[in-house]
Structures are given as C-alpha cells and as structure tokens.
Amino acid sequence: MSERVGRIYILPEHLRNRIAAGEVVQRPASVVKELVENSLDAGAEEIRVAVTRGGLDEITVTDDGAGMTPEELAVAVQAHATSKISRTDDLEAIDSLGFRGEALASIASVSHLRIFSRTRESDLGAEIAVDGGEPGDPRPRGGPVGTRVQVRNLFFNTPARRKHMGAVRTEMSHVTETIRELALAHPGVSFHLHREGERVLFTSGAGDLHRCLVELFGAGAADELLCIGGGDDRIDGYVGTPVLSRARRDRQYFVVNGRIVQHPGMRAVLERAYSGFLERGRFPFAAISLRLPPGRVDVNIHPTKREIKILEGRSVLGSLHNRVREALLQMPPPQWKVADQGTGDVCASPDGASGPDPERAAESQVSYFPSGPDGGREDAEESGSMYDRLRPMGQLDDTYIVASGPGGLYLVDQHAACERLYYEHGLAALREGISYSQRLAVPRTIELDGDQMQCWREFSSDMESMGYEAEEFGGGTLIVQAVPVFLDEAASPQLVAEVLEELGEVGATRSSAEMLATATASCKRALRAGDRLGESEMKYLFRQMSRLQQPNTCPHGRPTLIEISRAQIARMFSRR
C-alpha cells in the first residue's frame with residue numbers, strides 16, 4: 001500500500017519500477033538494446049538474440065561475457081543496481097553503455113524474467129526468476145560461461161501498453177534495426193539474430209567495419225563505400241556514394257565511444273558535406289564513429305542514452321565535415337550498371353536529364369559557357385581530370401555528349417555539366433569579391449509571404465553579395481533592382497522568391513545560402529536538353545570541366561558523366 005503524507009503519496013517500489021519501465025522499455029527493441037548493452041559491458045565476444053512474435057512473446061539474449069556470481073545475480077535484478085558507477089564523479093566520465101542501473105528491474109516489472117549466469121571462476125552457475133517484479137532466490141544450475149536472459153510475455157501486466165504495440169512485423173523490424181546499430185558500433189563482436197528459430201542477421205565480429213557493413217547491407221554496397229578514416233584517430237567510418245542515398249535518413253549511423261547516438265549537429269555536418277553531390281530530398285548513407293575522452297561527452301541527459309551532448313565539439317564536427325568532403329571529392333565517376341549476361345536488361349544509371357525540348361533547340365553558341373580562368377586556351381596544362389582525356393564524338397538527342405576515353409565510352413549530361421561549371425565559377429567570383437550583378441532596365445516587383453520576407457531580412461546582405469539588389473515596398477512586396485549577371489533578366493526576379501523559400505526550409509548559414517542561390521541561378525542559365533553543340537563547344541566544355549573542383553556531379557547531385565567500360569560493352573555484345 002502507498003504511504004500517505006497528507007494528500008501526497010510515496011509510491012510503492014513495484015509501481016515505481018513500472019513507471020521507470022515506461023522510460024526505458026518502450027517496446028521489445030528497447031529490451032533487446034538494454035540486454036545487449038549489458039552483454040557488451042560484460043566483455044562478450046559473441047551475442048545471440050532470439051525473438052518470438054517480434055519479441056512480444058519471448059526475447060532471449062545469450063552471451064559469452066564475464067558472467068555473474070549468485071550474489072551478484074540477486075542484486076542485479078533490484079532497482080538501481082549497477083556495476084558501472086559508484087560515485088558522483090563517475091557520471092562525469094562514463095565509458096560504459098549501461099550506467100543508470102542494468103534496467104533488469106524495470107524489464108522484470110513488466111514481464112516474466114529468467115536469468116542464468118556463470119563466471120569463468122565457477123564450475124556451476126545460478127538462475128534467478130522474477131515474475132512481475134517479484135524476484136525469487138538464485139538456484140544453482142549448470143551451463144556455459146556467460147549470461148542468458150529470457151524475457152517472456154512482455155507487458156503482460158500492462159495491457160494498455162501491450163495493446164498499443166505495433167504489428168509483429170513492425171516490432172521485428174525495430175529489433176533488427178537495433179541489432180544492426182549495435183553491430184556497427186561494435187564490429188569486433190559477433191552478432192546472431194534469430195526470428196522464430198530462423199537466422200535473419202549475422203556478423204562475424206572480425207573487427208573490420210567495412211566487412212561488417214557488407215555483412216549487414218550486402219556485397220552490392222562494398223563498391224559504394226568511401227572511407228573517411230585515417231590521420232585523425234578521433235574519426236573513423238564510411239560514407240556512401242550517391243548511389244546509396246535514400247529518401248529518408250534511416251541509414252545514418254553515428255557512434256560515439258561505442259554508443260549509437262542521435263546528434264543533430266553530426267547529422268547537419270554530414271548533409272552539409274554532401275552539398276552539390278545529392279539531389280534535394282535525398283539523404284546520404286553513413287556509418288561514422290567518434291572516439292572522444294569520456295569527460296567531453298555528456299550521455300546522462302536522456303533515459304535511453306541515445307541523445308548526447310559533445311562538449312566543445314566544434315573542432316570535431318569541423319574535422320568530420322572536412323573528412324567527408326575530401327572523400328567525396330576523390331570519388332570516381334559513376335559507371336553504367338549492366339545486368340548479368342542473359343537477362344537482356346541494361347540497368348539505367350542514376351537519374352538522367354529530361355528528354356529533348358524542341359523549343360530550346362538552338363544553333364551552336366560559345367556564349368553558352370562562362371569564360372574560365374584560362375580563357376579557354378587550347379594549350380592549357382592537363383589537370384588529371386577524366387574530362388582532360390575525353391574526345392567528343394557527337395550528341396545523343398541534343399542532350400548527352402557522346403565521348404571516347406581511356407576507360408571506354410562516356411556520356412556527358414550537357415545540362416548537368418554546364419550547371420556545375422556556372423556553379424563553381426559563380427562561387428569563386430563571390431568568394432573573391434567580384435561583382436556579379438546586373439541592374440534591371442525596369443525594376444520588378446514580387447510578392448512574398450511572411451516566411452519569405454523574414455528570410456529576406458535575415459539574408460539580404462548575403463543575397464546582395466551574390467548580385468541581388470532589392471528593397472521592401474510594404475505589404476509583402478519586394479522591388480528587385482538587380483540580379484546576378486548571368487541570369488535571364490525576365491525570369492530572374494521570381495528566382496528571388498524561390499531562393500528565399502528554399503533558404504527558409506534549409507535554415508542556411510551564409511555559406512550554404514551562397515551555394516544554394518548560386519546552384520539555383522546556375523540551373524536557370526545552363527544548357528538545356530535540346531541545345532545543339534558543335535565539336536569546338538564540346539571540347540571547350542570538357543576543358544573547362546577538367547579545371548573544376550568536383551566535375552562529376554551537378555550542384556544538385558546528379559552525375560555529369562557516366563562511364564560505360566570496354567568490359568561492359570563486350571558483355572553486351574556477348575564477347576565475354
């Protein structure tokens with residue numbers, strides 16, 4: 001019975017445990033996470049997880065870790081029991097995964113719990129049972145070294161919670177993702193996940209993150225992973241090429257000191273590094289690990305320990321951004337994917353340009369392209385870029401330039417390539433303080449909504465440095481007086497509204513505002529599908545592209561260049 005002091009009650013222990021369970025035991029995957037983290041803290045090298053009906057009926061976690069004595073076993077199932085901390089100072093330098101208590105008491109309060117454990121020093125182990133929060137006494141039992149925890153009938157005594165669980169398939173997907181995260185955080189541990197007796201996930205525990213990624217995501221991912229390790233031992237891991245990008249952020253894994261975490265700053269830095277490599281609405285694949293002194297990481301801010309705070313993390317995040325960006329800049333051009341012999345299918349490359357637009361067809365004009373730093377000299381020194389080694393052969397549908405090169409046949413998306421050219425030249429001009437503005441013969445007015453107008457006020461000085469000049473006229477009206485010099489005068493004023501809308505969604509800094517506005521402007525001016533080019537213009541474009549920092553994608557992430565290797569061509573003609 002509750003102890004009453006006036007109208008304020010002291011809750012009994014079993015009810016306190018159920019409330020605590022609501023914080024850390026939200027679904028079967030939460031139980032799996034807590035139990036596996038205990039196994040990892042016990043030094044396990046192999047962890048086996050078996051679930052029935054998505055974990056609602058049964059979860060069994062078996063490890064080969066240090067194990068517990070019968071006396072430790074009896075204490076472990078009590079509330080707030082832990083082997084990780086003993087003093088207040090320990091909270092400032094936590095280097096283990098579990099520390100609030102082993103969570104066993106919380107789990108036991110909403111399930112039927114059985115734990116067997118044996119240490120290496122003992123010839124006999126012990127088992128304890130806890131039903132609905134009421135523990136029994138440890139009993140001697142034989143078994144292997146390590147610990148096995150069995151959780152049955154989860155939420156049996158909280159029917160409202162059990163009723164609101166997802167379908168079995170949904171709960172199983174959460175369990176699988178939890179094991180996947182833990183395996184990526186600990187590639188030196190072998191993980192086995194079984195569902196209704198069938199193995200659905202396995203990692204070898206070889207200690208190689210690349211191998212672990214391939215084991216979890218398939219051999220097809222191996223060629224699309226870019227290493228960001230080396231040099232700075234604080235940062236390790238892999239990011240994906242644009243081929244591995246997804247429409248959601250569900251393949252971004254951040255590990256700090258062996259703990260999978262959610263950190264908005266790391267996510268923002270990652271996605272900022274992909275600017276110019278991915279289309280809007282696509283998100284990169286990443287498995288990134290940070291190793292920091294425990295005193296610089298605050299993990300004691302959320303019951304599930306997934307949210308952390310990195311103290312003085314600006315330098316670490318800056319290094320992470322630079323490491324990802326360097327890996328992307330060294331990325332080779334994408335290859336055309338050819339299906340296995342006999343299927344008769346040729347798999348298309350990443351997103352291509354739209355078909356020809358007859359209304360945009362035009363005669364050859366060198367003015368399509370901005371002047372490069374070398375003025376288009378024929379004798380310019382080669383840069384080592386693939387574009388330096390291409391020989392144009394013609395156009396396909398006045399949309400793609402067909403070229404030969406050292407690897408075989410190449411297709412260049414003329415719009416994407418020209419867009420990249422304008423983009424990098426525009427950014428260079430902005431950062432060198434070169435005026436890039438043209439005054440409109442007749443100022444144009446545009447109507448902005450409240451968010452766009454607020455965005456203009458925030459970014460007006462940055463927009464002006466990009467070549468836009470405008471002033472407020474009241475009532476949500478903006479009078480545009482000047483625009484970047486390479487924009488079409490008729491269409492450019494409305495572009496101000498488009499850029500402001502995008503900036504409001506992105507919440508950009510000045511640097512990202514420059515990139516976004518320049519990318520949008522470059523797209524408006526660049527060559528289109530249907531623009532006819534002569535051989536001299538194709539060569540000029542290739543020369544200019546060879547001098548760019550990242551010529552392989554347009555500012556929105558689409559490839560500018562696709563390689564069809566000689567081996568692939570031979571396969572298509574059944575020569576191999």
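Here the structure is shown first, and the text comes after it.
For every chain, the first residue of the written sequence is number 1, and numbering continues from 1 onward in sequence order. Only residues with pLDDT of at least 70 are given local features in this predicted model, and only at 80 or more are side-chain atom pairs given and counted; all residues enter the totals for whole chains, interfaces and linings. Only hydrogens and water are removed before side-chain values are computed, so all heavy atoms of the structure are retained for them.

So, about the overall build of the chain. Broken down by element type, the chain carries 15 helices and 27 strands. Scored against the burial criterion, the 576 residues of the chain give a buried share of 50%. A contact between two residues is defined here by any heavy atoms of the two lying within 4.5 Å. Here the contacts in the chain between residues at least 6 apart in sequence split such that 69% fall between residues at least 24 apart. Summed over its atoms, the accessible surface of the chain is roughly 27,800 Å², and 48% of this surface lies on carbon and sulfur atoms. Secondary structure is summarised from DSSP: a helix means a run of H or I of at least four residues, a strand means a run of E of at least two, and numbering begins at the N terminus for each. Here the term buried applies to any residue with accessible area under 20% of the maximum for its type, exposed to any over 50%, and partly exposed to those in between, with areas from a 1.4 Å probe on protein chains only. For the accessible areas, the method is Shrake-Rupley and the probe is 1.4 Å, while residue cover comes only from the protein chains on display.

For the rest of this paragraph, the subject is the packing of helix α10 (residues 414-431) against helix α14 (residues 535-545). Every axis in this analysis is a line fitted to C-alpha atoms, fitted for helices over the stretch in contact. Angles between the N-to-C directions lie between 0 and 180 degrees. Orientation of α10 relative to α14, taken along the N-to-C sense of each, is 45 degrees, at an axis distance of 10 Å. Between α10 and α14, the angle is such that the two are oblique. Of the two elements, α10 crosses α14, and the hand of that crossing is left-handed. Here α10 contributes Ala417, Cys418, Arg420, Leu421 and His425 to the contact with α14, which in turn contributes Leu541, Gln544 and Met545. We call two directions roughly parallel when the angle between them is under 35 degrees, roughly antiparallel when it is over 145, roughly perpendicular when it lies between 65 and 115, and oblique otherwise. Take the far helix as the reference: if the near one is turned anticlockwise from it by less than a right angle, the crossing is left-handed, and if turned clockwise, right-handed.

At their nearest, the axes of helix α6 (residues 168-185) and helix α7 (residues 209-217) sit 9 Å apart, and the two run at 165 degrees to each other. On the basis of the axis angle, α6 is roughly antiparallel to α7. In this structure, α6 crosses over α7, and the sense of that crossing is right-handed. Of the residues in α7, those in contact with Arg180, Ala183 and Leu184 of α6 are Leu209, Cys212, Leu213, Leu216 and Phe217.

A few words now on the side chain of Asp388. If you trace the backbone, Asp388 turns up in the loop between β20 (346-347) and β21 (391-396). For the purpose of counting charges, residues Lys and Arg are taken to be positive, whereas Asp and Glu are taken to be negative. His and the chain ends are not included. We count a salt bridge whenever a side-chain nitrogen from Lys or Arg sits within 4 Å of a carboxyl oxygen from Asp or Glu. Although buried, Asp388 forms no salt bridge, and the nearest oppositely charged side chain, Arg547, lies 4.5 Å from it. Counted as a polar contact is a pair of N or O atoms within 3.5 Å, where, for protein atoms, one must be capable of donating a hydrogen and the other of accepting one, and residues adjacent in sequence contribute only when both atoms are in side chains. Of the polar contacts made by the side chain of Asp388, one reaches the side chain of Ser546; its length is 3.3 Å.

In this section: the packing of aromatic side chains. Note on ring pairs: Phe, Tyr and Trp rings are taken, using the six-membered ring of Trp, and paired if centres are within 6.5 Å. Classes follow the plane angle, with under 30 degrees stacked, over 60 edge-to-face and the rest tilted. Evaluation of the coordinates by the stated rule reveals three aromatic pairs. On the numbers, 6.1 Å between centres and 45 degrees between planes, the contact of Phe217 with Tyr253 is tilted. Here Phe217 is found in helix α7, whereas its partner Tyr253 is found in strand β14 (residues 252-256), with 36 residues between them in sequence. Note on Phe217: relative accessible area 23%, which makes it partly exposed. Residues Tyr387 and Phe542 carry aromatic rings whose centres are separated by 5.7 Å and whose planes lie at 55 degrees to one another, so their mutual orientation is tilted. Placement of Tyr387 in the loop between β20 and β21 and of Phe542 in helix α14 is noted, with a sequence separation of 155 residues between them. Residue classification places Tyr387 among the buried residues on the basis of a relative accessible area of 2%. An aromatic cluster is defined as three or more aromatic residues linked by ring pairs; in this entry it consists of Phe217, Tyr253 and Phe285.

With that settled, the discussion passes to the pattern of salt bridges. Scanning all chains against the criterion turns up 19 salt bridges. For Glu177, the salt bridge identified is with Arg251, shortest N-O distance 3.6 Å. One end of the pair, Glu177, is in helix α6; the other, Arg251, is in the loop between β13 (235-240) and β14, with 74 residues separating them in the sequence. The buried category is assigned to Arg251, whose relative accessible area is 17%. Salt-bridge contacts for Asp250 lead to Arg246; the nearest nitrogen and oxygen are separated by 2.8 Å. Several salt bridges converge on common partners, so that one network encompasses Arg53, Asp57 and Arg162.

So, about the sheet that holds strand β24 (residues 437-447). When DSSP locates at least two bridges between a pair of strands, those strands are taken to pair. The strand order across the open sheet formed by three strands is β24-β26-β25, and the pairing between neighbours is antiparallel. The open sheet has two free edges, formed respectively by β24 and β25 (469-474), since each of these has just one partner strand. Each neighbouring strand pair of the sheet contributes to a mean axis angle of 15 degrees, computed without reference to strand direction. Across seven bridges, the pairing between β24 and strand β26 (residues 477-484) is antiparallel. Within the sheet, the bridge partner assigned to Glu447 lies in β26 and is Thr477. Where helix α11 (residues 450-465) meets the sheet, its contacts fall on β24, β25 and β26, and the angle it forms with β25 comes to roughly 150 degrees.

This next bit is on helix α2 (residues 28-41). By this rule, a helix spans an expected 1.5 Å times one less than how many residues it contains. Taking 1.5 Å per residue as the helical rise, α2 with its 14 residues ought to reach 20 Å, and the 20 Å between its terminal C-alpha atoms agrees with that figure. Backbone geometry just after α2 places Gly43 at a positive phi near 80 degrees.

Turning to the sheet that holds strand β16 (residues 286-290), a few remarks are in order. The strand order across the open sheet formed by five strands is β12-β13-β16-β14-β15, and the pairing between neighbours is mixed. One side of each edge strand has no neighbouring strand; the edge strands of this open sheet are β12 (225-227) and β15 (259-261). Averaged over all adjacent pairs, the angle separating strand axes in this sheet is 25 degrees, with direction ignored. Two elements, β13 and β16, share five bridges in a ladder whose sense is antiparallel. Across the sheet, Gly237 pairs through a bridge with Ile288, a residue of β16. Sitting on the sheet, α7 is in contact with β12, β13, β14 and β16, with an inclination near 35 degrees to β13.

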